[in-house]
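Structure at a glance
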Amino acid sequence: MNMDYSNLLKLLNDLAQEYLFKDSREIDIPLAGKLLNQLELIADEAKKQQVSSVKSCTVGLSQILEKTILDQIDDKDSAAKVFEEGIHIMQEIADSFSNTGRYDGSIQEFLTKAGSVAGLTAPIVADEPAAEKIVDVTSDTSSESVETFEIQDEALTRDFITEGLEYIEEIEVNILNLENEPENKDYINAIFRPFHSIKGVASFLNLERIRSLAHNLESLLDKTRNGEISVTPSLIDVILDGADALKTLIGQLRDVLEGKAISKSPALDIPALEARIHRLEQGLEMEAGTKKIGEILVDEGIISQEKLEKTLKAKGDSPEKKIGQALIEEGVVKPKQISQALRKQVEQVTDLTTIRVDTTKLDDLIDMVGELVITQSMISQDIKEMANADKRLTRDLSQFFRITSSLQRVSTSLRMIPIKQTFQRLTRLVRDLAKTTGKNVSVDLVGEDTEIDRNMVDEIYNPLVHMIRNSVDHGLEMPAERVKAGKPERGLITLKAYHRGGNIVIEIADDGKGLDKQKILSKAIKSGLISSEENLTDQEIYKMIFMPGLSTAAKVTDVSGRGVGMDVVKRAVEKMRGKIEIESAIGEGTTFITRFPLTLAIIDGMIVKVGSESYILPTTSIRQALRPTRESYTSVVGKGEMINAMGQLMPLIRMYELFDIDPEHKNPWDAIVVVVDSESGSRCLMVDKIVSKAEVVVKSLGEGLKNIKGLAGGAILGDGRIGLIIDTEGLFELAEER
Amino acid sequence: MNEKNIKVLIVDDFATMRKVVRNLLKQSGYEDIVEAEDGVMALKVLKSQKIDVVVSDWNMPNMTGLELLKAVRADADLAKTPFLMVTAEALQDNVVAAVKAGVNNYIVKPFTAEVLNEKIKKIMESINK
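Residues numbered from 1 in each chain as written. Chains lettered and ligands numbered in written order. Predicted model: local features only at pLDDT ≥ 70, side-chain atom pairs only at ≥ 80, totals over all residues.

Quick notes on the confidence of the model for chain A
Residues and elements named next belong to chain A.
- Looking at chain A as a whole, its pLDDT mean stands at 78, while 84% of the residues score no less than 70.
- Strand E17 (residues 683–687) holds the highest mean pLDDT among the elements of chain A, 92, whereas strand E1 (residues 133–135) holds the lowest, 34.
- In this model, residues 121–147 is a region of pLDDT below 50 whose contacts with residues beyond four sequence positions or in other chains number 43 contacts.
- Between residues 552–564, whose pLDDT stays under 50, and residues either more than four places distant or in other chains, the model counts 31 contacts. (pLDDT = per-residue confidence, 0-100. Helix = DSSP H or I, 4+ residues; strand = E, 2+ residues; numbered from the N terminus. Contact = placed C-beta atoms within 7 Å.)

In structure tokens form, the structure reads like this:
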């Protein structure tokens, strides 16, 4: 092949000029940047012209520059000398190539020097420079998986083998951690770094296979670290396979070094592995569900499973031949059928109508839109106050408002996903439960396409699990019992989801025996929850199953009935500002109806003022607001201040004391008290005045203020001021502590 | 060039960090300081007024320090603006990427007023040569 080295010579000349005409001996950062870019061009050109020795030199020189930038070079004078020498050698090689098409000198000495000034290597052996030893194993054609190694420096290579294997062990430990906590960036970094180090040393030792594999894995991890691709099981698989492949390669390297025959490893298929890495990098990951052509053909009934296996076996000798080709040659399928199957396969991989978006980007977007909506309401307020607002302005603005509100609708919907996945997980759970309880259960799903905020999916899962356990274990009867009651032997659990009035409603219904009011009551009396059979409505009785320590299961089972569960459910639901209701009929079944707000990003709140500060109380927890009379205020020794509201004595919490503010009113009878419900009973919150009811966008207070007791977040109010959102439960605890 | 006459643009998404850098600069006698909370804002500032040196954080939402640097270098009017990159740790890949993109210098958190001043001085000297 005729090579043209003129471009390479020119690039080298440019580099030499840039370096030699610098003003001082020292390489400063802007110069290092220029030189690095030039070296990159040279490396590309050298690769193109197949002058690998020049390419190796560029690696050495880049390492020196990179260490210079990082200020990690102790002996700057030697570094400069070695750098000059490197430029010189590259020019010599390029000259020699352009004259004779070859170069007979050795670059080993230079590479060793470069290594030592860059501080990369372990001490270099003092005796004569390691002879270049080329071990060529490609003559052994029986195995495809054996790699060729060119060992340039024995001592260095030995160090690399030991260190490399240690690194891989580190990777293996951390990847298992990552699998458990895919969000943890520390683990990604912990895997990234060793791959990075392996790549660095391998590139220096000219171990191209190892370098390129480590590099590919590193850049895949870099994308993961940047959030461009997410941690999925297939990513974990690829990284583990990659680490294994590196281990095998390094093992083979050791064999070569020790003069042993290379142990063969049939599993090593680096090109296939690298192809998988690239697919993942481009987001075209082959999920576990992606089928092979053969499988698609079998599914379509075009060929039989036996035929496929037979053909695959026969094809084993010629791996380059595609299965489709083999099948066509055998005449069992038509080319058209193969192309259809191929198309089907592609459809599985690339769904062109969707893209993957990092959820934090979505969250940011929704947050911004929330702000926009608030700004819009501020503007609209201003316009209303302008006595003679321009007609055109008013019209334009109303158009703007329409756009903002549809923008808000659309952006909120971006984060919505169908509840289907959750339902399917729950269906599996029901099956498992049925097995452990010995009951026959079928599941009916209604409204699986109902959408829910992605951020809520995980949070609602646990309470739903508890409720389903309850339904299967307590609700449904044993098959024999059901037959006796004249019901079908197989019980039915219905999961139903739908939207209603700004809420998503999820119902879990069973056709079991229904709640036994009498049993709940006697249990409640026994455990002291109520004093006697008070006059309670059905709803009130049903709700008792949410009280801590009340389980109506006759015996404690594995599935439920330890007296924990339903109270946890209630708390979890309320934490998401949800509500839970029960409908039940003896002999017909029980239905749990849970309602959640469509999104956790917006809260329906009441804005109150204490002094000059505004606070937002979540409307769901407010029972009423009143101005107490002087008589209703009592101070009880040992119990603190109380307010008698609605015939009930409730502790008074003075908000201004908790938050250390100068209030407008210090006497409860001048101020307003808001009666707020919580798990631990009701309290009266004393505020100066109630401003309005409003929907606000919940904002986190940032890392530093994340865990402040009593505050759930902040919000920007209609007038542009900041209001803090009260976490009632936390506020009560805060008040108790005082 | 006197510190007083050097106009510094601090780019960092974290307000506290901006304050820290501002205080360190003040300790060394810098008076003309402007701030931007991300790369997009920084570009706006750069286009509207003459900035002598940019001190930009690496890790920022919307537009990273590296992206800002590349945008500055790609803009004919701003290309020569001195740029000092602040990084959390001297990760070789990051620093090398910044150097290749044409950063004038970089500084690793945490740093002292002296080191920051020294780096800015060095940049100013090298471009005034």
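Still to come is the rest of the account.
Describing the packing of helix H8 (residues 208–225) of chain A against helix H10 (residues 270–281) of chain A
Residues and elements named next belong to chain A.
- Put simply, H8 and H10 touch, their axes get as near as 10 Å, and they point 20° apart. Here H8 is positioned roughly parallel relative to H10, judged by the angle of their axes. Crossing angle aside, the handedness with which H8 passes H10 is left-handed. Where H8 approaches H10, its residues Arg 209, Leu 213, Asn 216, Leu 217, Leu 220 and Lys 223 are matched on the opposing element by Ile 270, Glu 274, Ile 277, Leu 280 and Glu 281.
- Here the residues of the contact of H8 with H10 are counted per class, giving six nonpolar, one polar and four charged. (Axes fitted to C-alpha atoms, helices over the stretch in contact; angles between N-to-C directions. Parallel < 35°, antiparallel > 145°, perpendicular 65-115°, else oblique. Left-handed = near helix turned anticlockwise from the far one by under 90°. Nonpolar A, V, L, I, M, F, W, Y, C, P; charged D, E, K, R; others polar.)

Some details on the sheet that holds strand E9 (residues 589–597) of chain A
All names here are of chain A.
- Across the sheet, five strands lie side by side as E4-E6-E7-E9-E8; this open sheet has mixed pairing. Looking at the sheet topology across the chains shown, the edges are occupied by strand E4 (441–446) and strand E8 (579–585). Going across the sheet, the axis of each strand differs from the next one's by a mean of 15°, ignoring polarity.
- As judged from the eight bridges shared by strand E6 (residues 491–500) and strand E7 (residues 503–510), these two strands associate in the antiparallel manner. What sits directly across from Leu 495, in E7, is Ile 508.
- Running over the sheet, helix H18 (residues 454–475) touches E4, E6, E7 and E9 and is turned about 20° from E7. (Pairing = 2+ DSSP bridges.)

Some thoughts on the environment of Gly60(A)
Residues and elements named next belong to chain A.
- Here Gly 60 is to be found in helix H3 (residues 52–69).
- Along the backbone, Gly 60 and Leu 111 are 51 residues apart, and their C-alpha atoms lie at a distance of 6.2 Å.
- Not counting the four nearest positions on each side in its chain, Gly 60 is found in contact with Gly 86, Phe 110, Leu 111 and Ala 114.

Remarks on unusual backbone geometry
Residues and elements named next belong to chain A.
- Notably, Gln 50 is not glycine yet its phi reads approximately 60°, a positive angle.
- Relative to the elements of secondary structure, Gln 50 occurs in the loop between helix H2 (29–48) and H3.
- A residue is classified by how many C-beta atoms lie within 10 Å of it, and Gln 50, with 11 of them, is exposed.
- For Asp 660, which is not glycine, the phi torsion reads 55° and is therefore positive.
- Looking at the element boundaries, Asp 660 is found in the loop between helix H23 (655–659) and strand E16 (672–676).
- The class of Asp 660 is exposed, set by 7 C-beta atoms lying within 10 Å. (Buried ≥ 20, exposed ≤ 12 C-beta atoms within 10 Å, placed from the backbone.)

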